[in-house]
Amino acid sequence: MNRAFLSALGQSDLSRFTTTCKDCDVIFLIGSLPSRHNRALAQEIVSCVDSGAKLIYLFTMEDPILSPKSTFFSRYEVGSEEGVLALLAKSFLAENSLSEAYRTYFSTLDDGYVSAESNIGEEEIEEIETLCAGVTKGVLILGEDLFYHPRAEQIARFAGLIARHTPIKLQISGATQYDWIAAEETMVEEVEDIASFDGVVVYECPCLDTEEERFLIGSSQFQAAAKVQHDEAIHVVFERETYPRVFVRDERLKGVIALLPLAKANNAYPYHVTKIVK
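Note that the coordinates shown come from a computational prediction; the quantities given were computed from them, not determined experimentally.

What counts, and at which threshold
Within each chain, residues carry numbers counting from 1 in the order of the written sequence. A pLDDT threshold of at least 70 governs which residues receive local features in this predicted model, and a stricter bar of 80 or more applies before side-chain atom pairs are shown or counted, although totals over entire chains, interfaces and linings include all residues. Computation of side-chain values covers all heavy atoms of the structure but excludes hydrogens and water. A run of H or I in DSSP becomes a helix once it reaches four residues, and a run of E becomes a strand once it reaches two; helices and strands are each numbered from the N terminus. Contact between two residues is taken to exist if any of their heavy atoms lie within 4.5 Å; hydrogens are not considered. A pair of strands is labelled paired if DSSP reports no fewer than 2 bridges between them. To define axes, lines are fitted to C-alpha atoms, for helices over the stretch in contact only, and angles between the resulting N-to-C directions are given on a 0 to 180 degree scale. A pair of cysteine sulfur atoms is labelled a disulfide when the two atoms are within 2.5 Å. Here the term buried applies to any residue with accessible area under 20% of the maximum for its type, exposed to any over 50%, and partly exposed to those in between, with areas from a 1.4 Å probe on protein chains only.

A. Region of interest: the environment of Ser74. Locating Ser74 in the fold gives a position in strand S3 (residues 72-75). With near-sequence residues (within four places) excluded, Ser74 lies in contact with Tyr57, Leu58, Phe59, Asn119, Ile120 and Glu124.

This is the structure in structure tokens:
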């Protein structure tokens, strides 16, 4: 668990954290693929949705367990998590009595740039606002991708700001109450230029079984973009690392990000622009 991330959430009151989404009106899930990283969490969310909770799921790709259960799902661009949290914070806090420093910050935030680069536009934000109208008990679940983002602490500051000023608590995927850190608030910084991940992108994720580390798993769209064939032997190359794999097409997947199952996590931001070598 990234302790710097937990500290940057800036929660002096640990009651703003939670380990469960039970009994919530609205569940926000950002930066996680629970069918890979946390299947217990996925099943708990499904149970909550079946009991009437709304699920707002923002991620770079669909989750086969949770996307069909989502009240609202939207794919943001790889690397744009900081911008996504900035837009949500501005939206959630628009009617709150913020300090002059925060009012100035959000009034000068370049929404147009952030929306265009993140793929979370005004229509998506308005739909989220409508779904959240009158929420009395919500939870914002922060996923594994956020912990290792190059701007992880800035992302945490935006999430912490939401928790301090709304009825939305924070749940950290994979964390227990013994991981929570009491810390003072620090002011958010300017949103950095959002990095581009143009090209063929893979996503490092846990294996579901021992056989999976042999495969690169992707959609038909990825197959076309990478110019590979189902059951073809390839090499996945990025950052001076080479992974011999067999490409497997999974019709349940969508988009142009393929899954690269690894038996051991690298504890790093899991997306990579890669070269496919035959």
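B. Region of interest: the sheet that holds strand S4 (residues 138-142). Taking strand neighbours across the sheet as the criterion, the five strands line up as S3-S2-S1-S4-S5 in an open arrangement whose pairing is parallel. Two strands lie at the open edges of the sheet, namely S3 and strand S5 (168-172), each paired on one side alone. In this sheet, neighbouring strand axes are inclined to one another by 15 degrees on average, regardless of whether the strands run parallel or antiparallel. Pairing analysis gives four bridges linking strand S2 (residues 54-59) to S3, with the strands arranged parallel. Directly across from Phe59, in S3, lies its bridge partner Arg75. Contacts from helix H3 (residues 39-50) reach strand S1 (26-30), S2, S4 and S5 within the one sheet, and its direction differs from that of S1 by about 150 degrees. The strands touched by helix H9 (residues 152-165) within the sheet are S4 and S5, with S5 carrying the most contacts at an inclination of about 140 degrees.

C. Seen up close, the state of the cysteines. Under the criterion given, the structure shown has zero disulfides. Of all cysteine sulfurs, the one in Cys205 lies closest to Cys207, which takes part in no disulfide; the gap is 7.2 Å.

D. Fine view of the pairing of strand S8 (residues 233-238). Burial along S8 is one-sided: Ile234, Val236 and Phe238 are buried, and none of Ala233, His235 and Val237, which face the opposite way, are. Examined bridge by bridge, S8 and strand S9 (residues 241-249) share six bridges and lie antiparallel to one another. Considered in S9, the bridge of Val236 is made with Tyr243. Between S8 and the antiparallel strand that follows it, S9, lie two residues; Glu239 among them carries a positive phi value of about 50 degrees.

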